[in-house]
Amino acid sequence: MSKSRLSQIRASALILCAMLLPSVASAQADMSCSDYLKADAQMQAAMSPSDKAAMQADPEAAALDNKVRAYCKANPKALASEAMSKAVQ
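Conventions we followed
Residues numbered from 1 in each chain as written. Predicted model: local features only at pLDDT ≥ 70, side-chain atom pairs only at ≥ 80, totals over all residues. Heavy atoms only, no water. Helix = DSSP H or I, 4+ residues; strand = E, 2+ residues; numbered from the N terminus. Buried < 20%, exposed > 50% of the residue type's maximum accessible area, 1.4 Å probe, protein only. Contact = heavy atoms within 4.5 Å. Disulfide = S-S within 2.5 Å. Axes fitted to C-alpha atoms, helices over the stretch in contact; angles between N-to-C directions. Parallel < 35°, antiparallel > 145°, perpendicular 65-115°, else oblique. Left-handed = near helix turned anticlockwise from the far one by under 90°. Nonpolar A, V, L, I, M, F, W, Y, C, P; charged D, E, K, R; others polar. Core = buried A, V, L, I, M, F, W, Y, C linked by side-chain atoms within 4.5 Å.

**Some words on the overall build of the protein**
Across its full length, the protein carries five helices and zero strands. Of the regular secondary structure in the protein, the N- to C-terminal order runs α-α-α-α-α. In the protein, buried positions account for 21% of the 89 residues. Here the contacts in the protein between residues at least 6 apart in sequence split such that 70% fall between residues at least 24 apart.

**Observations regarding the state of the cysteines**
Each disulfide is one covalent bond, formed between the sulfur atoms of two cysteines. Applying the stated rule across the entire model yields one disulfide. In this model cysteine 33 forms its disulfide with cysteine 72; the gap between the sulfur atoms is 2.5 Å. Torsion about the S-S bond of the cysteine 33 and cysteine 72 cystine: about -55°, corresponding to left-handed handedness. With cysteine 33 in helix α2 (residues 33-46) and cysteine 72 in helix α4 (residues 59-74), this residue pair connects regions lying 39 residues apart in the sequence. For cysteine 72, a relative accessible area of 0% puts it in the buried group.

**Observations concerning the packing of α2 against α4**
Axis angle and axis distance: for two packed helices, these are the angle between their axes and the distance between the axes, and together they describe the pair. Orientation of α2 relative to α4, taken along the N-to-C sense of each, is 135°, at an axis distance of 9 Å. One finds that α2 runs oblique with respect to α4. Between α2 and α4 the crossing geometry is left-handed. Residues Cys33, Tyr36, Leu37, Asp40 and Gln44 of α2 form the contact with α4, whose own contacting residues are Asp65, Val68, Arg69, Tyr71, Cys72 and Lys73. Class assignment of the residues belonging to the contact of α2 with α4 gives a composition of six nonpolar, one polar and four charged.

**Remarks on the nonpolar core**
Core analysis: the biggest nonpolar cluster contains 10 residues, these being Met31, Cys33, Tyr36, Val68, Tyr71, Cys72, Ala78, Ala80, Ala83 and Ala87. Mapped onto this core, the elements with two or more residues apiece are α2, α4 and α5 (80-88). Setting aside its immediate chain neighbours within four residues, alanine 87 contacts Leu64, Lys67 and Val68.

**Let's talk about the packing of α4 against α5**
Contact geometry for α4 and α5: axes closest at 9 Å, N-to-C directions at 130°. Relative to α5, α4 is oriented oblique. Crossing handedness for the pair α4 and α5: right-handed. Between α4, through Leu64, Lys67, Val68, Tyr71 and Cys72, and α5, the contact on the second element is made entirely by Glu82, Ala83, Met84, Lys86, Ala87 and Val88.

Written as structure tokens, this is what we have:
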């Protein structure tokens, strides 16, 4: 993959994250892991294959995302903010 194509993918991923972060951050304080997983599934279903590939292109971000999902699946009643805190430790 060319550097310019990779840059375009990363830019698209950053734009997508920038659009989603305000809504997630405002709801994060009281969002349960169960609610987080539902919202994540809806977001994944709405993403194009190229957007999904772009999100997975950064191994560190993908690993963090996978840790949050795993924690939430194991602890559906926990807060999503707790899952995110655990994932970055």
